[in-house]
Structures are given as C-alpha cells and as structure tokens.
Amino acid sequence: MRPKPHLVRVISMTVVTRFAPSPTGFLHIGGARTALFNWLFTRHHGGKFLLRIEDTDRARSTDEAIAAILDGLSWLGLQWDGDVVYQFSRAARHAEVAHEMLRQGQAYRCYASPAELDAMREAQRAAHQPIRYDGRWRDRDPSEAPAGVAPVIRLRAPREGRTEIVDRVQGAVGVDNAQLDDMVLLRADGTPTYMLAVVVDDHDMGVTHVIRGDDHLNNAFRQLQIVRAMGWAEPVYAHIPLIHGADGAKLSKRHGALGVDAYRDMGLLPEALRNYLLRLGWGHGDDEIIPTAKAIEWFDLDGVGRSAARFDIAKLTNLNAHYLRETQDAELLPQVLPMLEKNLGAPLADDARARVAAGLAGVKARSRTLVELASSLAFYATAAVAPVDDKARALLTPEARTLLGGLATALDGKRTDWTEASLDAAVRAFAEAAGTKLGQVAQPLRVALTGSTVSPGIFEVLAILGPDLSLARLRAASG
RNA sequence: GUCCCCAUCGUCUAGUGGCCUAGGACACCAGCCUUUCACGUUGGGAACACGGGUUCGAACCCCGUUGGGGACGCCA
C-alpha cells in the first residue's frame, strides 16, 4: 500500500461535485454509494452537488430508468442542487468542442470502418498484442479519405511520455502514453462519445472534484488528455473502490446488484442504508453508528480506503434495527399502517389502529425492518389469531388449555381494572394459586393472544388488546 | 494477452516504524438479565497472503511472488 500524497486543500475554492449515472437501469447499490460520497463531500465542504444523466446512448437509455434513479436518490435523501442536466441535450456543444480540437490539430478524422477495426482487434488478440487503435489515420492525408464514408473524430493523443494523476484516494497513478490509443471523440453520426461528453460537461458545469467508482480510473488518464488538449482546469479525481458481491466480483445490474427500491421494499430505512454504505470503504476510527449529520461533519476523502468491500446484508440489517428503534412512533406509524393493511387485505378500523399505535413501541424494539415490524404488529390488528407455527401449537397442551380456561375466568373479574399492573398481579396470583410457575402460564397465554411464542411483554399485550379481545382469544384457545 | 488498482478475523474496518502477545463492529458460540423474544451485558473462538530486503525494531517502508478486482468499444 502506497502512502497517500499529502495534498493542500484550497479553502477558497467552492466544491462542485456531480453524480453522473447512465439511465440504462435502476439505481443500484454501488451507484448509490458513489452518489452518497459525492453528496457527503459537498455537504461537508458547503459546495454544490450536481446531477447529470448520461443519456447519450439513445438505444439503451430509458425514461423508466431516469425515473428510478431520481426516485432512488430522493428516497435516499440525496438531494441534488439545481436542475438535472441531460447530457444528450448538450450534444451540439460536445460536437463544437470536437471540431475545435480538430481545428487545433488536437484531433483528426478517422475513416476506418467498424468492421475494419474489429478485424484489427481480432488480429491483435490472436497475436497476443495489446488491443488498441493503431493510429492508421493519424497522419494520413485527408485526400486519401474514401468517398461516402462518414469519419469519426479521434483525439491525437501524445505518444511519448506519461500521463499521471494524483488521485485523492488512489494516490499517484500513471500510465505510459504508449498504452493509450487515439480514442473516438465524435462518432460518425456526429454524436459525442462518453469520454468527450464527460470532460466537456464537467468543465462547463464547473465540476471541481470527480468522485466515482474506480472502474473509471483508467478513463481518467484519457479524459485528462482531453482536458489538457483544451487547456482547461484539471479537476481533482477521487476513485473510490467498488462494492463487490459475496463472491468478490464487481456488483452490477446483471450480477447480484439490487436497486435501492429493493432495499426500500425490504423495509430498510434510508438513514440506515446511508450509514451502512458510508462504512463500506470509509472509516472514522472505531465509529460504527454514524447518523447523517455526523457523517457530513466527519466525511472527507482521506478516510476512503482503497480496497473493494463486500456487501453484507446482515450488518445492514443490524444497523437498520438500531435506526428503527430510534425512530419516533409517530414517524413510523404512517409507514407501517399501509403495509399492515396490505398484508391483511383490508383497511383497519379505528380500534385496530389504536391498538397498533399503542403496541408499536413494544414491537418496534423487537424488529429489524419495517417489514418485520408490520408483520409482528398484525395480531393487534386482527380479530382473532391462530398459532403461527409448530412451536406455538405445541405450547397449547391439554393442561395449558385448562389453565387458560381458568385464567379467562379469573381475568373476567378484572374488566373494570384492566391495566398492565393489575393484570400482572392477577396473572401471577393465578399462577401461584394453580401451583405453577409464571412461565407455565405466560407462554400459553402469549400463544393464545398473539399466535406466536415471541412477542412484547405479555401484560402489555393484554392491556393493549383490552378485555374483550383478550378474553375471547383466551376462551378460543382453551376450548 | 496488455495496462491499472488492491491485499489485517467469515464480513466491514482501526492501525501511517516501537503504544500491537493487532483494537472495534456485524455474524457465530456460551453465560447473565427475563413471562418469550429482542435490547443490554459478560466472556469465547477468529486475521496482518507468501518470500526477500531496509531498520536496533515492520501489519506499517522497498522489491518480488501469489491471489483478487478493474479497464482495454463509433457503451457509459
């Protein structure tokens, strides 16, 4: 591991970053993290976080994907500044720059056909040669141009020397220019390639810091050549490591990556996801729980690691449980109620809503996701319950049923004093009178009331359910 | 194949030459708490890929090996 170069931060410079996804699919977890780092960096430095949709590939870009990306970012709470820039709308400006480079001799026309280039690459592959454009039109006289062939415009890249960048994450990295070929800037149809469009847009948008996945590290050299050819200011680059799947390979749309909407559907909280994503590749000492406000305060590129991280849903879930417990009931309720109604297939009556609201705190402490929360809350909303599994069923032995029958009778007398405290006392007294331990009564009682062996404190459940529902369930279980 | 990057417990990481018989978190196991579960809490197993240097001293610096990843398009 090489030491990171010490860099002087220019305080007076206003930080401008951008997140530049291509709308060819949903916003996946890797893109979400890239967006998060950009957002955090700008919020920390008080700059601007811009959003640019890289839709120059007309065949693969879709409106659905654009909507999914915008939705995903919004849900994650990563608000961009200003209007969304659609790269395709700037095609004329890209072409203008390409022609400017042509005039300056920084670029040239290439008339090689795609088939010809394919053959060239095939030959290179077969000969175990590096695969790159051989510059066949670099110094050829334009008069040799074949008739009727629309040329592309290629960069006249330097062939000697090295191109080096001082990356804020990766450190000093360089390649020999001999390794870089003359890339296409403008296609035969006059549309810009990604390499050109990115550089022109970043320049025009005033982007000062390019923070993106390190799968773009190689691109940075080529983009820098365009920047230098135009004599523009060089942005600061920061290439963050990729997120890998459990198998260690790059997470991508066709390889295990889920859209952020999938995490929302799993009942995860945006804040938890932000915290988790932040810790993937970034650290601040031993801190694990890092709410967004702290993240903004602490985040900087220096803390970004250089190795890829694997996605671990277990840790994410654990973090989610933490944030779920911290979320106020009033905030959770409107999110959980619709889920509950959807699960139950019917709207909730007022009394059911009231019970859910009252029982929320107790169930929340035992849930890790909103989905778990909604499903564990169901017994408060339904009219009757049945044992959910064998373990629960097994607790309703004949002896236990007899006990529950007796308990129903005993508790019937408490209808006018139906509080957690008096219920607690009554059940304990009943257990003692029956010559058994509390647990022997409490567990069957729990199953009778909730259908499950797992629930909040049984007296709390009794109190919230109220005498009618509680006694009805007790009698149903005993009979 | 060529180029670039990476390498500490199963996973995420702390660690920037002595504070390291390597710390934290998740997961796992055991105990405590308790009406269940969860929380909480106590404890446990678990890592510096390998080989050479440099140095009084190396997880940290250098070189190599191995392993992993990424990029090599008129995709982005």
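Residues numbered from 1 in each chain as written. Chains lettered and ligands numbered in written order. Predicted model: local features only at pLDDT ≥ 70, side-chain atom pairs only at ≥ 80, totals over all residues. Heavy atoms only, no water.

1. Description of the overall build of chain A
From N to C terminus, chain A includes 18 helices and 12 strands. Against the globule reference of 23 Å for 479 residues, chain A gives a C-alpha radius of gyration of 32 Å, more extended than a compact globule. Each principal axis of the C-alpha atoms in chain A carries an extent, and together these give about 105 × 50 × 40 Å. Taking all 479 residues of chain A together, 49% fall into the buried category. Within chain A, residue pairs in contact and separated by at least 24 positions form 76% of the contacts whose partners lie at least 6 positions apart. For chain A, the computed accessible surface area is about 22200 Å², with 53% contributed by carbon and sulfur atoms. Taking the 56 positively charged and 58 negatively charged side chains of chain A as two groups, their mean positions are separated by 2 Å. (Helix = DSSP H or I, 4+ residues; strand = E, 2+ residues; numbered from the N terminus. Rg over C-alpha atoms; globule rule 2.2 N^0.38 Å. Buried < 20%, exposed > 50% of the residue type's maximum accessible area, 1.4 Å probe, protein only. Contact = heavy atoms within 4.5 Å. Areas by Shrake-Rupley, 256 points an atom, 1.4 Å probe, with all protein chains shown as cover. Lys, Arg positive; Asp, Glu negative; His and termini not counted. Charge placed at Lys NZ, Arg CZ, Asp CG, Glu CD.)

2. Looking at the environment of Thr163
Mapping Thr163 onto the fold places it in strand 6 (residues 162-167). Thr163 gets classed as buried once you look at its relative accessible area, which sits at 3%. Among all residues touching Thr163, those that are not within four sequence positions of it are Val173, Gly174, Val175, Asn177, Leu180, Phe221, Leu224, Gln225 and Arg228. At 2.4 Å, the side chain of Thr163 forms a polar contact with the side chain of Asn177. A polar side-chain atom of Thr163 sits 3.3 Å from a polar atom in the side chain of Gln225. (Polar contact = N/O pair within 3.5 Å; in protein donor to acceptor, adjacent residues only side chain to side chain.)

3. Side note on a nonpolar patch on the surface
Judged by side-chain polarity, Leu258, Met266 and Ile313 come together as a nonpolar surface patch covering roughly 210 Å² of accessible area. Mapped onto the elements of the fold, Met266 is located in the loop between helix 7 (260-265) and helix 8 (270-279). (Patch = residues over 30% accessible without salt bridge, like charges linked within 9 Å, V, L, I, M, F, W, Y side chains within 5 Å. Salt bridge = Lys/Arg side-chain N within 4 Å of Asp/Glu carboxyl O.)

4. Some remarks on the sheet that holds strand 4 (residues 107-110)
Taken in spatial order, the three strands of this open sheet run 4-5-8, and their pairing is antiparallel. The sheet is open, and its two edges are formed by strand 4 and strand 8 (184-186), each paired on a single side. When the angles between neighbouring strand axes are averaged without regard to direction, this sheet yields 45°. Packing against the sheet, helix 3 (residues 91-103) makes contact with strand 4, strand 5 (152-155) and strand 8, and its axis sits at approximately 100° to strand 4. (Pairing = 2+ DSSP bridges. Axes fitted to C-alpha atoms, helices over the stretch in contact; angles between N-to-C directions.)

5. Describing the protein's contact with RNA strand B
Surrounding RNA strand B, one finds 65 residues, the nearest of these being Asp57, Arg187, Gly281, Arg366 and Arg446. Sugar and phosphate atoms represent 72% of those atoms of RNA strand B found within 4 Å of the protein. Between RNA strand B and Asn219 there is a distance of 3.4 Å, counted from a base nitrogen to a side-chain nitrogen or oxygen. A breakdown of the residues in the surface near RNA strand B according to their chemical character gives 23 nonpolar, 20 polar and 22 charged. (Near = heavy atom within 4 Å. Nonpolar A, V, L, I, M, F, W, Y, C, P; charged D, E, K, R; others polar.)

6. As for the packing of aromatic side chains
With the rule as written, the count across this model stands at six aromatic pairs. Three or more aromatic residues joined by ring pairs make a cluster, and in this case those are Phe37, Trp282 and Phe299. Directly above the aromatic system of Phe37 lies the positively charged group of Arg33, at a separation of 5.3 Å from the ring centroid. The cationic tip of Arg58 hangs over the ring face of Phe88; the distance from NZ or CZ to the ring centre is 3.8 Å. (Phe/Tyr/Trp six-rings, centres within 6.5 Å; stacked < 30°, edge-to-face > 60°. Lys NZ or Arg CZ within 6 Å of the ring centre and 35° of its normal.)

7. Quick look at the nonpolar core
Core analysis: the largest hydrophobic core is formed by 97 residues, its most contacted members being Phe311 and Leu411. Among the elements that make up this core, the one with the highest residue count is helix 18 (residues 458-478) (10 residues). Each residue touching Phe311, except ones within four places of it in the same chain, is listed here: Ile29, Ile243, His244, Leu251, Tyr263, Tyr276, Leu277, Leu280 and Leu316. (Core = buried A, V, L, I, M, F, W, Y, C linked by side-chain atoms within 4.5 Å.)

8. Notes on the confidence of the model for chain A
Across chain A, the average pLDDT comes to 92, with 96% of residues at or above 70. ipTM for the predicted complex: 0.94, alongside a pTM of 0.93. (pLDDT = per-residue confidence, 0-100.)

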